[in-house]
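Understanding the architecture of this molecule
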Amino acid sequence: MTPSPAVVQPDRDLLEEILDELDIEHTIDAEGDLAISTAHLTIFFLFGREGDLFTVRTFYDRPHSVDDKPMLLTALNEWNADTMWPKVYTFTQDNGDIRLVGDSQVYIGAGVTREHLTTMVAHWVRFSIKFYRWLTDRLAFETD
């Protein structure tokens, strides 16, 4: 019988190791959060207060107007129905700009294998970027 792989409790140091192994540039923001930042989006790696929830949250930098909200919601509903992650929603800022936020989450209270964590991180980062490209194409189609 093959022994089960070791279970680890993820933390920021382990995620930095994984991002280094995946050759993904990352930084630590002013609040101490691990992040990937590009010209179009910022991806944060967050842990719940109890240490039992791991979230990859993506903030998409392009602002949208309130007038765009019906078109955005139609596109987001399509993405969210057809794609497992990230689940993307709108956030209206105080100035009226609408921003998009994507979330991928997993319960980690019992720990996970390092291999599974690496796979999740790689896929979630890839799909966060894929959503940006998909939405750019989708909105270009809407405005043609």
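That block above? That's the structure.
Definitions and cut-offs
Once a new chain begins, its residue numbering starts again from 1 and follows that chain's sequence as written. Since the coordinates come from a predicted model, pLDDT governs what is reported: local features require at least 70, and pairs of side-chain atoms require 80 or more to be given and counted, while whole-chain, interface and lining totals use all residues. Values shown for side chains rest on all heavy atoms present in the structure; no hydrogens or waters enter the calculation. Any Lys or Arg side-chain nitrogen found within 4 Å of a carboxyl oxygen on Asp or Glu counts as a salt bridge. Labels follow the DSSP assignment, with helices taken as runs of H or I lasting at least four residues and strands as runs of E lasting at least two, numbered in each case from the N terminus. Only protein chains enter the calculation, and the probe is 1.4 Å; a residue is then buried if its accessible area is under 20% of its type maximum, exposed if over 50%, and partly exposed in between. At least two bridges found by DSSP between two strands is the condition for calling them paired. As used in this record, nonpolar core signifies buried Ala, Val, Leu, Ile, Met, Phe, Trp, Tyr and Cys residues forming a set joined through side-chain atoms within 4.5 Å. Contacts are residue-level and defined by heavy atoms, with any inter-residue pair within 4.5 Å sufficient.

1. Things to note about the pattern of salt bridges
Pairs may arise between side chains of opposite charge once their charged atoms sit close together. Per the counting criterion, the structure on display carries five salt bridges. Across the pair arginine 114 and glutamate 17 runs a salt bridge, and its minimum N-O distance is 3.0 Å. Of the two residues, arginine 114 is situated in helix α3 (residues 114-143) and glutamate 17 in helix α1 (residues 12-21); the sequence distance between them amounts to 97 residues. The class of glutamate 17 is partly exposed, set by a relative accessible area of 42%. A salt bridge links arginine 138 to glutamate 78, with the nearest nitrogen and oxygen atoms 2.8 Å apart. Here glutamate 78 lies in helix α2 (residues 69-82) and arginine 138 lies in helix α3, a separation of 60 residues in the sequence. You can call arginine 138 buried: its relative accessible area is 13%. Assessed through its relative accessible area of 32%, glutamate 78 is described here as partly exposed. Here the salt bridges do not stand alone but share partners, grouping Glu17, Glu21 and Arg114 into one network.

2. Quick word on the pairing of strand β3 (residues 34-37)
In this structure, strand β2 (residues 27-28) lies alongside β3, joined through two bridges in antiparallel fashion. Counterpart to threonine 27 in the pairing with β3 is alanine 35. Counting the residues in the hairpin turn of β2 and β3 gives five residues, including glycine 32, whose phi is positive at 90°. In this structure, β3 lies alongside strand β4 (residues 41-47), joined through four bridges in antiparallel fashion. The residue of β4 that forms the bridge with serine 37 is threonine 42. Joining the antiparallel neighbours β3 and β4 is a turn of three residues.

3. Structural notes on the nonpolar core
With 32 residues, the main nonpolar core has Phe45, Phe54, Leu100, Leu117, Val121 and Phe131 as its most contacted residues. Those elements that place two or more of their residues in this core are α1, β3, β4, β5 (53-64), α2, β7 (98-107) and α3. Among the elements that take part in this core, α3 stands out by supplying nine residues, more than any other. If we skip the residues at most four places from it in the chain, phenylalanine 45 touches Leu15, Leu19, Leu34, Ala35, Ile36, Phe54, Thr55, Val56, Val121 and Val125.

Treat this as a map of the structure, not an account of what it does.
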